[in-house]
Amino acid sequence: MLKIIDVTKTFKKTDGKRVLAISNMNLQIEEKEFVCIVGASGCGKTTTLRLLSGLDIPTKGKILVDGSPINGPSPERGIVFQEYTLFPWRTVLENVTFGLEMKRIGKKERRRTARHYLELVGLEDYAEAYPYELSGGMQQRVAIIRALAANPKVLLMDEPFGALDARTRDFLQNELIRIWTSEQKTILFVTHSINEAIFLADRVVVMKSRPGRIHDIIEIDLPRPRYKTGEVFKDYYTRIHDMLENDLDKEQP
Amino acid sequence: METRSVSERIFFRLLLPVLLAVVWQVLAIYFDKPMVLPRLEAVGKVLAHPNTKILITGSLIENMGISLGRVMCGFFLAAAMAIPLGILMGYYRLAERVLESTVESLRPIPPLAWVPLILSWFGIKSLADWFPELSSSVIFGGVQFSMIIIILIGAFFPILLNTIHGVKGIPVIFIESARTLGSRGFSLLFKVIVPASLPTIMTGLRIGLGIGWMCLVAAEMMPGSNAGMGYLIWYAYELLRTEIIVAGMIVIGLIGFVMDRGFRYVEKKQFAWVSRMK
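Cut-offs used in this document
Chains are numbered independently. Their residues run from 1 in the order of the written sequence. For this description, chains carry letters from A and ligands carry numbers from 1, given in the order in which they are written. With pLDDT at 70 or above as the cut-off, local features in this predicted model cover only qualifying residues; side-chain atom pairs require 80 or more to be listed or tallied, and sums for whole chains, interfaces and linings still use all residues. To get the side-chain values, all heavy atoms of the structure are used, and hydrogens and water are removed first. Strands are runs of DSSP state E lasting at least two residues, helices are runs of H or I lasting at least four, and both sets are numbered from the N terminus onward. Only protein chains enter the calculation, and the probe is 1.4 Å; a residue is then buried if its accessible area is under 20% of its type maximum, exposed if over 50%, and partly exposed in between. Whether two residues are in contact is decided by their heavy atoms, any of which lying within 4.5 Å being enough. An expected span of 1.5 Å times one less than the residue number is assigned to each helix. Bend is computed residue by residue as the angle between axes fitted to the seven residues ending at the residue and the seven residues starting at it. The term buried area means the drop in 1.4 Å probe accessible area that two parts suffer when joined, counted for both and summed. Basic side-chain nitrogens of Lys or Arg form a salt bridge, by our definition, when they fall within 4 Å of a carboxyl oxygen of Asp or Glu. We call two N or O atoms a polar contact when they sit within 3.5 Å, provided that within protein one can donate a hydrogen and the other can accept it, with sequence-adjacent residues counted only if both atoms are side-chain atoms. Gly counts as polar in this scheme, as do all residues outside two lists: the nonpolar Ala, Val, Leu, Ile, Met, Phe, Trp, Tyr, Cys and Pro, and the charged Asp, Glu, Lys and Arg. Patches here are clusters of residues that have more than 30% relative accessible area and form no salt bridge, with a 9 Å joining cutoff for like charges and a 5 Å cutoff for nonpolar side chains (Val, Leu, Ile, Met, Phe, Trp, Tyr). Using a 1.4 Å probe, accessible areas were evaluated by the Shrake-Rupley method; residue-level cover was limited to the displayed protein chains. Working convention: axes come from line fits to C-alpha atoms, limited for helices to the stretch in contact. Angles between N-to-C directions cover 0 to 180 degrees. Angles are sorted into four bins: roughly parallel if under 35 degrees, roughly antiparallel if over 145, roughly perpendicular if 65 to 115, and oblique for all others. Should the near helix be turned counterclockwise from the far one by less than a right angle, the crossing is left-handed, whereas a clockwise turn marks it as right-handed. For Phe, Tyr and Trp, rings pair up if their centres lie within 6.5 Å, where Trp contributes its six-membered ring, and each pair is then called stacked (planes under 30 degrees apart), edge-to-face (over 60) or tilted (otherwise). Note on criteria: charge over ring means Lys NZ or Arg CZ within 6 Å of the ring centre, with the direction from the centre no more than 35 degrees off the ring normal.

**Quick notes on the overall build of chain B**
Check the secondary structure of chain B and you find 13 helices and two strands. Counting only C-alpha atoms, chain B reaches 75 × 60 × 35 Å along its principal axes. When each of the 278 residues of chain B is scored for burial, the buried share is 43%. A fraction of 70% describes how many contacts in chain B between residues 6 or more apart in sequence connect residues 24 or more apart.

**Description of helix 1 (residues 6–31) of chain B**
All names here are of chain B. Spanning 26 residues, helix 1 covers 38 Å between terminal C-alpha atoms, matching the ideal 38 Å at 1.5 Å per step. Within helix 1, the axis deviates most sharply at Leu-14, by approximately 40 degrees, and proline Pro-17 lies no more than four positions further along. Just downstream of helix 1, Asp-32 is the residue with a positive phi angle, here 55 degrees.

**Considerations on the interface of chain B and chain A**
It is common to give the size of an interface as the accessible area that goes away when the parts come together. Each partner contributes to the interface: chain B provides 19 residues, whereas chain A provides 24 residues. Across the chain B to chain A interface the summed buried area is about 2,000 Å²; carbon plus sulfur atoms make up 72%. Across the contact surface, chain B and chain A share two salt bridges. A salt bridge links Lys191(B) to Glu101(A), with the shortest nitrogen-to-oxygen separation between them at 2.6 Å. Scanning the region where chain B abuts chain A turns up two residue pairs in polar contact (both at pLDDT 80 or more). Those elements giving two or more residues to the side of chain B that touches chain A turn out to be helix 9 (172–180), helix 10 (185–219) and helix 13 (272–276) of chain B. The element that contributes the greatest number of residues to the side of chain B that touches chain A is helix 9 of chain B, accounting for seven residues. A breakdown of the residues in the side of chain B that touches chain A according to their chemical character gives 10 nonpolar, five polar and four charged.

**Focus: a nonpolar patch on the surface**
Residues and elements named next belong to chain B. On the surface, Val-6, Ile-10, Leu-14, Val-18, Val-22 and Val-26 cluster together to form a nonpolar patch covering roughly 520 Å² of accessible area. Secondary-structure assignment places Ile-10 in helix 1. In this structure Ile-10 comes out as partly exposed when scored by relative accessible area, which is 44%.

**Observations regarding the packing of helix 3 (residues 60–91) of chain B against helix 8 (residues 145–168) of chain B**
All names here are of chain B. Look at helix 3 against helix 8: their axes get within 7 Å of each other, and the N-to-C directions meet at 30 degrees. Taken as axis vectors, helix 3 and helix 8 run roughly parallel relative to one another. Crossing hand, helix 3 versus helix 8: right-handed.

**A short note on the packing of aromatic side chains**
Summed over the entire model, instances satisfying the criterion amount to 18 aromatic pairs over all chains. Arranged with centres 5.9 Å apart and planes meeting at 55 degrees, the rings of Trp89(A) and Trp273(B) form a pair that is tilted. Placement of Trp89(A) in the loop between strand 6 (77–80) and helix 2 (92–96) and of Trp273(B) in helix 13 is noted, with the two residues assigned to different chains. Chaining the aromatic ring pairs together yields one cluster made of Phe87(A), Trp89(A), Phe98(A), Phe174(B) and Trp273(B). Between Arg146(A) and the ring centre of Phe87(A), over which it is positioned, the NZ or CZ distance is 4.6 Å. The side chain of Lys228(A) reaches across the aromatic face of Phe199(A), ending 4.8 Å from its centre.

If you want it as structure tokens, here you go:
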């Protein structure tokens, strides 16, 4: 269980001015829950994710994982970025085994685990390939299983499908739901696509900017598999869309 | 225009060298002054007998061996110092702040400008003075301390600068990804920082070796030198054996060329991922 308690985060810009990225945020994420954060750019959604990963530290407040505070990055909380982050000097298989290597797990077991995950996403034939030989969508699938192979409790995803074309994106959204169902992980997924959020999430956290804060949390009461064309789906879309629309208006005075 | 056939490409590659050789030979025959412009067959005769003792300096092969031994000593020392230092300066801002001004003020001094100072410090002492067991070795027996230092200085800076550049050029996101996968300390250094910057370090090594080689040949012309390719051509000059000078220069150039190509080959083979990265 993840708990964000009264968290504030300020950044120092290069000109010395302080920017309030997140103000007084409170959020609780249950085990095995799928939560999406949506919001306009600059609303602090990526900052929230980085704080949860331990790559950044809150200015005020605290973040608890199963009751204990976060102390730097950990393989307990795997992260997938929008950018392609596979290590280019390693093969696909060696990328997936990286986290296990860090845990000092034996070579045989590492490879066995990696192969299992490669099969899970249908990339077992690419084990010996290098990342540059893979398409963007394949690279992101490998990035997801690289994080999963380290057996995290929580998977943090920062617009992982943002750089992909629409069809690949749809495909990977379905893949992700399938993986989430079979692997039983808690997932926190940041996106600026409302559709993506409604399609994936148990709950959608809508964030607003200046300062970054939670505006509303919407429970998505739709059975899976979901279809983006249904009436209820569209109602959710309109609701969230209207909330974000106002935020955009404020951005342009 | 890569539709040309192999023989055509070889033709264009060899066109200029062959033309130059012909012009050289014609001029050599015309002037008939072998001490100024030796004929190609005289040069070829020197090159064709690399095991024959030339003058009193030993054979071509021996002098090559001595020069290569020296350059390798200096080069490996330079790499052993410059790579760790470069990683340190590239990764830690504080290390860079502390060291940068010193490095930047020493770097513009040409390696050969160090020669008088180094000779006055170390004289003509060779490795054999410290390690007597080496004195019987053809290659390492003649490795003079001052020469090693000059090569070291020549090779050091390209390796250092490229290492710093390589480490600084690692996308932050690689390091962050590695950290969230549980990597830190030595594992981060050896599994991420070193492999990610290795292609750039290799470029530094290649340039460093080339400069080290040039410095060596010059250093071997300095007082106290008694062997090596640089000494050979200098000694040949004093005896006006121009064909040996030219043969020596060709060998020096070829060795430099082969070393550079060797490195390029490794770079291309081992780091195919670099050129494919967007």
